[in-house]
Each structure stands twice: as C-alpha cells, then as structure tokens.
Amino acid sequence: MSAVRSIDTVGFAMVVEAGCVLETAKQAAEAQDCLLPITFGSQGSCRIVGNVSTNAGGFNVLRYGMTRDLVLGLEVVLPDGRIWNGLRTLRKDNRGYDLKQLFIGAEGTLGIVTAAALKLFPKPTQVETAMVGLRSVEDAMAFYARARRSCSDLLSAFEIILRPGLELALSAHPELSDPLESPCPVYILMELAAVGRVDLRALLEACLEDVGELLLDGTIATSRAQTNRLWFCREAMVEAQSRGGAYYRTDVSVPIHAIPAFLEETLASLAVSLPVGRPVAYGHVGDGNIHLNVVPPADWSMDQRKALFGKAEQLIFAMVDRFGGSISAEHGIGRSKKRAFLERADPVTLDLFRRIKTALDPDLILSRGRIFDV
Ligand SMILES: Cc1cc2nc3c(=O)[nH]c(=O)nc-3n(C[C@H](O)[C@H](O)[C@H](O)COP(=O)(O)OP(=O)(O)OC[C@H]3O[C@@H](n4cnc5c(N)ncnc54)[C@H](O)[C@@H]3O)c2cc1C
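Conventions we followed
- Residues numbered from 1 in each chain as written.
- Predicted model: local features only at pLDDT ≥ 70, side-chain atom pairs only at ≥ 80, totals over all residues.
- Near = placed C-beta within 6 Å.
- Helix = DSSP H or I, 4+ residues; strand = E, 2+ residues; numbered from the N terminus.
- Nonpolar A, V, L, I, M, F, W, Y, C, P; charged D, E, K, R; others polar.
- Buried ≥ 20, exposed ≤ 12 C-beta atoms within 10 Å, placed from the backbone.
- Contact = placed C-beta atoms within 7 Å.
- Domains from an automatic or database assignment.
- Pairing = 2+ DSSP bridges.
- Axes fitted to C-alpha atoms, helices over the stretch in contact; angles between N-to-C directions.

Student: How do you make sense of the site of the ligand when you look at a structure like this?
Tutor: Close contacts around the ligand come from 21 residues, with G41, C46, G50, S53 and G108 the closest. Among the elements of the structure, α2 (48–54) and β6 (112–119) are those that each provide at least two residues to the shell around the ligand. With 5 residues, the top contributor of residues to the shell around the ligand is α2. For the shell around the ligand, a count of residues per class yields 7 nonpolar, 11 polar and 3 charged.

Printed below as a string of structure tokens:
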C-alpha cells in the first residue's frame, strides 16, 4: 500500500499508493527529474493519503496550489465495500461531477483512499533564497505584490515571520545567529525556482533593488548551507514554541489584502486582553495563511493554559470572522475545531455536508465524530 506505481515523465504525473510517505514520493519524482511540490515540515513522516485527506498546503502553495490542485485521480474504497476507480491522469475530463473532489479534504469521512494520481512539474534547476527585513506587515504585503510581478511570477515561497517569533528561535537555538545585521520588526523568507534559461539570481537581485525603499536589510543565500540556515530559522521557531509546554496554535486565513489590518488589530487586542501570553505570528503569507499562536509562561499549569487557550481562541476567531477569513486554512476541522466550525457553519452548507455524508456512508461507519455530526 506504499508503492510508487508509475511516473510519467512526458505527461508529468505519478501514481502512488496511499501509504507512501510524502518524502519517498518526492524523491521518486526527483529521480526522474520531476517535482512533486507538496513541501512542509512533516514530509518525512506524513503519507500521501494524509495529504489528500487533509488537502495539505505547505510552503509551495503560492506557486503550485494545495494538494487539491495537484490530484488528478483517486482510487477509493467506499463504505459499502465497492471500489471507485477514479485513478486517471487525465488533465481534462469533464464527464459530469468531479467525484474525486469529494474525498479530498474529507478527513476520511466519505471513503478509504487507497491510491492517488498526482501532478508533477519539471524539477527546478535553479533555486534562489533570500531573507529580507521590513518595517511593517503592510510593507511586507506591498513587497509581495511587487515581487510577484518583477520575479516573472516565479516565486515558490513567501513566508512571513514577525520578530518575536525569530527571537524565540534564537533563544532556543544558541547556535543560530540573527540572519540579518540589525533586528527588523518583520521578516520575509522567499524562494524563487525555475527551470531553463532564466537568470534567476539576476531576477531576484533586480526585484530587491526595485523595492529598495521598502527593505531595511536583506541577504541572498550564496550557498546551500546558508539556504538551510535561513530555512532553519523558520523551522526552529515552530519547534521552539513547544519547549515551554503546551501552547495555543491557530491556522487561519484572511484575504491577502487584509493581512496587515488583521495582524495589527488582533495583536493589539491580544496585548490588552492576554498580556501574559507571548504572541507568535508567522505563515504562508502569499496564501493569506497565518499561524497566530500564543505561548504561555513556562511555569503555568495545564489548567491555566487551557483557560488562556479558550480566551485566545475566542478573540482570534472573532477577528477572523470580522475579516471574512477561515478558522482552518490548512489543517482541517477534525475534532478539535468542530465546535468552532459548527458555531459558524451556514445551515445550507451543513445540510449539503450531511446529505453527502449519508448518501455515501448511510451507516456512518467512517471517521465518526470528525468535522460534524449527522
Ligand atoms: C512539523 C509539521 C509541519 C506541518 N506543516 C504543515 C503545513 O505547512 N501545511 C499543512 O497543510 N499541513 C502541515 N502539517 C500537517 C500535515 O497536513 C499533516 O502532517 C499531513 O498532511 C497529514 O498526513 P498524515 O499522514 O500525518 O495523516 P494523518 O494525520 O494520519 O491523517 C490525516 C487525515 O487522513 C485521514 N485518513 C487516514 N487514512 C485514510 C485513508 N486511507 N483514507 C481516507 N482518509 C484517511 C485521517 O482520518 C485524518 O483525518 C504539518 C505537520 C507537522 C507535524
């Protein structure tokens, strides 16, 4: 159940069994000079079926889309035991309903996915990574809008980190040094990738020159080791948050243009209502996806933490609602966000969810209790 069944290097597609670890699938594609773009921290352990069932995102969504955009076909065992064979690599197939979409992001509630056909891309022959420092989130978003144009839309990652998150990473990892010469309020970690005869370094340098007035400082990685160090700042920050015990994490999205106001107002509100919690904000900002977390003092009990988590959730989700966002950008609903999801779900949406669930799984045998109750 974990084999790579086939790789089509002309049609840029692969067929993988559900239990294949994402990293294994990526390596198999790379060995054929292709790219499977799903990329994130747990790729060494998560499986293709988990990516499909949660419609996983990650660092490269900006360029290649979510897992949903990369699935060409699925093979699924239905709750009544029949096999639905939708394992095709067709790019165009408009024969009625696109049934595979039902199973993507369904968290296992509608069928057991056994294999997936996925889109591939040419493996980039050039990758350039830069980290820049800016005065504000507003400047970061102005930079984003200009960078997409001036980099020929070759941006493959555009991650934001606010200074408190970087400081957390630096304090947890003494071997890590400040990536830029002087501290900046906001950082962007960006990556460009290309294949073919493009002078990617020149493109990146010209882009940074064009937006010079927005940037306080910046560096372009000149070696693999420096690239890894820049990305390690991002990973170390994620890991550093859990060093002092359980913390409150979100995975929210708002319209991209609303990110500066959303962050400014939510952080100001957290400072007033929960001054003891340490807010840490970062995310896939080119996708409007922010992880706005709150880290409690290390000596707090679990009861104190739970009380803080409840207040933080109320405050942050209310802001997400106000800005027309989503309380789950990438990670799904599962059981932990079910109550918050149901409080906000519109009745027509819920009615359709229930009809689809009972049509496919009338005896409610799959993933009971996830997302919603019938
Ligand atoms: C360090 C770290 C970083 C991460 N970064 C990101 C990120 O940037 N973006 C992002 O989107 N996610 C991220 N994630 C979460 C990520 O989505 C998951 O790790 C991964 O996609 C889920 O795969 P899994 O194999 O772990 O699945 P599981 O967590 O084991 O399962 C996921 C879902 O799949 C369902 N399922 C399991 N088997 C089947 C089956 N056969 N058929 C149908 N449904 C099934 C389960 O019921 C569950 O609902 C991160 C996680 C970690 C730990």
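Having put the structure on the table, let's press on.
Student: For this particular structure, what's the right way to read the environment of L118?
Tutor: Here L118 shows up in strand β6. Among the residues examined, L118 registers 25 C-beta atoms within 10 Å and is labelled buried. A C-alpha to C-alpha distance of 28 Å links L118 and L352, two positions 234 residues apart in sequence. If we ignore the near neighbours within four places in the chain, the residues touching L118 are A13, M14, V16, L36, L70, V71 and L72.

Student: Would you mind showing me how to read the domain arrangement of the chain here?
Tutor: The accessible area lost on association of the parts is a frequent measure of interface size. As far as domains go, the chain holds domain 1 (4–122), domain 2 (126–241), domain 3 (245–322) and domain 4 (341–374). On a C-alpha basis, the centroid separation for the pair domain 2 and domain 4 is 41 Å.

Student: Help me out: how do you make sense of unusual backbone geometry in this one?
Tutor: Comment: phi is negative for the bulk of residues other than glycine, and the bulk of peptide bonds are trans. Unlike most non-glycine residues, L364 shows phi in positive territory, near 50 degrees. Within the fold, L364 resides in the segment after α13 (347–360). If you check the backbone angles, S367 has positive phi at about 40 degrees while not being a glycine. Secondary-structure assignment places S367 in the segment after α13.

Student: Mind showing me how you'd approach the sheet that holds strand β2 (residues 13–17) here?
Tutor: In sheet architecture, strand pairing relies on hydrogen bonds along the backbone and comes in two forms, parallel and antiparallel. Taken in spatial order, the 5 strands make up an open sheet running β1-β2-β6-β4-β5, and their pairing is antiparallel. The open sheet is flanked by β1 (4–8) and β5 (83–86), the only strands paired with a single partner. Recorded for the sheet is a direction-independent mean angle of 10 degrees between the axes of neighbouring strands. In the packing of helix α1 (residues 22–31) onto the sheet, contacts are made with β1 and β2, and the angle to β1 comes to roughly 35 degrees.

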